[in-house]
Amino acid sequence: DAKTTQPPSMDCAEGRAANLPCNHSTISGNEYVYWYRQIHSQGPQYIIHGLKNNETNEMASLIITEDRKSSTLILPHATLRDTAVYYCIVRVEGKTSYDKVIFGPGTSLSVIP
Amino acid sequence: GAVVSQHPSRVICKSGTSVKIECRSLDFQATTMFWYRQFPKQSLMLMATSNEGSKATYEQGVEKDKFLINHASLTLSTLTVTSAHPEDSSFYICSASINRGIEQYFGPGTRLTVT
């Protein structure tokens, strides 16, 4: 199972771009990179996912390096409501062909006024 | 987007009693549901995975006789914490997926406090 490493915490000024890095150097060729976030005392929220191309949606952009060993989640204009723990996850193949999401410690992002 | 609900959102029970938590997918049929628990300031820990109509698969270290999971329909899974103890106090979160877990949608969580 590919593991991910993220910085434990980051700060970002409100209105600026938040760039959250993730290393996944043992990722396999058919594994996707997913990002979720969890605001305090709520369930996780799906943000974005990708395989090898960069992806963008209404919430964020995902930049995956060409060798796929790392990625960066970009929140283009961070707001106070983006303060949360951000989890970078590589999809794990389960024993019975359904896929489990295994959470690491994530990055605690604090958006500062 | 897909919506998953949990009931109750908070529950307080006495030690030795059992508590049932429901997880429902409101606008889609979930082939697979997952149960997690989260202790304060820690990450989510996967407890078990269940497919509709079949037995749940538990992660190592999770007691299947203590945490009973029933996935009776494509929109409902229940987690029953049997003979609850104070150390079972935690935030329990479910998620549901449509396509073999490729995209998962999480419920809002249930805060269990055992006194």
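Structure: above.
Below is a summary of the structure that appears in this document. (Residues numbered from 1 in each chain as written. Chains lettered and ligands numbered in written order. Predicted model: local features only at pLDDT ≥ 70, side-chain atom pairs only at ≥ 80, totals over all residues. Heavy atoms only, no water.)

Residues and elements named next belong to chain B. Among the structural elements, Gly 16 can be located in the loop between strand 2 (10-13) and strand 3 (19-25). Placed 65 residues apart in sequence, Gly 16 and Val 81 show a C-alpha to C-alpha distance of 9.9 Å. Not counting residues up to four positions away in its chain, the partners in contact with Gly 16 are Ser 83 and Ala 84. (Helix = DSSP H or I, 4+ residues; strand = E, 2+ residues; numbered from the N terminus. Contact = heavy atoms within 4.5 Å.)

Another point: the interface of chain B and chain A. Each side of the interface is counted separately: chain B has 22 residues, and chain A has 21 residues. Taking both partners together, chain B and chain A bury about 1700 Å²; carbon and sulfur atoms supply 50% of that area. Across the chain B-chain A interface, the total number found is 0 salt bridges. Inspection of the chain B/chain A interface yields 3 residue pairs in polar contact (both at pLDDT 80 or more). Elements supplying a minimum of two residues to the side of chain B that touches chain A: strand 4 (32-38), strand 5 (45-51), strand 9 (90-97) and strand 10 (104-106) of chain B. The element that contributes the greatest number of residues to the side of chain B that touches chain A is strand 4 of chain B, accounting for 4 residues. Among the residues forming the side of chain B that touches chain A, the class breakdown is 9 nonpolar, 9 polar and 4 charged. (Buried area = accessible area lost by both parts, 1.4 Å probe. Salt bridge = Lys/Arg side-chain N within 4 Å of Asp/Glu carboxyl O. Polar contact = N/O pair within 3.5 Å; in protein donor to acceptor, adjacent residues only side chain to side chain. Nonpolar A, V, L, I, M, F, W, Y, C, P; charged D, E, K, R; others polar.)

It is worth spelling out the pattern of salt bridges at this point. Residues and elements named next belong to chain B. Following the criterion strictly, the structure yields 3 salt bridges over all chains and no others. Among the ionic pairs, Arg 24 bridges to Glu 22, the shortest N-O distance being 3.4 Å. We classify Glu 22 as partly exposed; its relative accessible area is 23%. (Buried < 20%, exposed > 50% of the residue type's maximum accessible area, 1.4 Å probe, protein only.)

Below, the discussion takes up the nonpolar core. Formed by 25 residues in total, the largest nonpolar core has its most connected members in Val 4, Trp 35, Phe 67, Leu 79, Tyr 92 and Leu 112 of chain B. Breaking this core down by element, the ones donating at least two residues are strand 2, strand 3, strand 4, strand 5, strand 7 (67-73), strand 8 (76-81), strand 9 and strand 11 (110-114) of chain B. (Core = buried A, V, L, I, M, F, W, Y, C linked by side-chain atoms within 4.5 Å.)

A separate point is the side chain of Ser 97 of chain B. All names here are of chain B. Tracing the chain through its elements places Ser 97 in strand 9. Residue class for Ser 97 comes out buried when judged on its relative accessible area of 0%. When sequence neighbours within four positions are dropped, the list of residues in contact with Ser 97 reads Phe 28, Gln 29, Ala 30, Thr 31, Thr 32, Phe 34, Glu 103 and Gln 104.

Moving on, we get to unusual backbone geometry. Cis peptide bonds are those with omega within 30 degrees of zero, and the linkage from His 7 of chain B to Pro 8 of chain B qualifies with 0°. Relative to the assigned elements, Pro 8 of chain B resides in the loop between strand 1 (4-7) and strand 2. For Arg 68 of chain A, which is not a glycine, the phi torsion comes out positive at approximately 65°. The residue Arg 68 of chain A is located in the loop between strand 6 (61-64) and strand 7 (70-75) in this model. Here Arg 68 of chain A falls in the buried class, since its relative accessible area comes to 9%. Although it is not a glycine, Lys 41 of chain B adopts a positive phi angle of roughly 60°.

This next bit is on the layout of surface pockets. Residue and element names in this part refer to chain A. Reported here for the largest pocket is a volume of approximately 450 Å³. Ranked by residue count, the leading element in the lining of the largest pocket is strand 8 (residues 84-90), at 3 residues. The residue makeup of the lining of the largest pocket, split by class, is 9 nonpolar, 8 polar and 2 charged. (1 Å grid on protein atoms, 1.4 Å probe; cavity = no way out; pocket = protein on both sides within 12 Å on 5 of 7 lines; lining within 4 Å. Points joined across faces, edges and corners; volume = space filled by probe spheres on them.)

Right, let's get into the packing of aromatic side chains. This model, assessed by the stated rule, comprises 12 aromatic pairs over all chains. Where Tyr 36 of chain A meets Tyr 46 of chain A, the ring centres are 5.9 Å apart and the plane angle is 75°; that geometry is what we call edge-to-face. With Tyr 36 of chain A in strand 3 (residues 33-38) and Tyr 46 of chain A in strand 4 (residues 45-50), the pair connects residues that are 10 residues apart, well separated along the chain. You can call Tyr 46 of chain A partly exposed: its relative accessible area is 23%. Classification of Tyr 36 of chain A by relative accessible area gives buried; the value is 1%. The structure contains a cluster of three or more aromatic residues connected by ring pairs, namely Tyr 32, Tyr 34, Tyr 36, Tyr 46, Tyr 87 and Phe 103 of chain A together with Tyr 36 and Phe 106 of chain B. The residue whose ring lies beneath Lys 66 of chain B is Phe 67 of chain B, and the NZ or CZ to ring-centre distance is 5.9 Å. (Phe/Tyr/Trp six-rings, centres within 6.5 Å; stacked < 30°, edge-to-face > 60°. Lys NZ or Arg CZ within 6 Å of the ring centre and 35° of its normal.)

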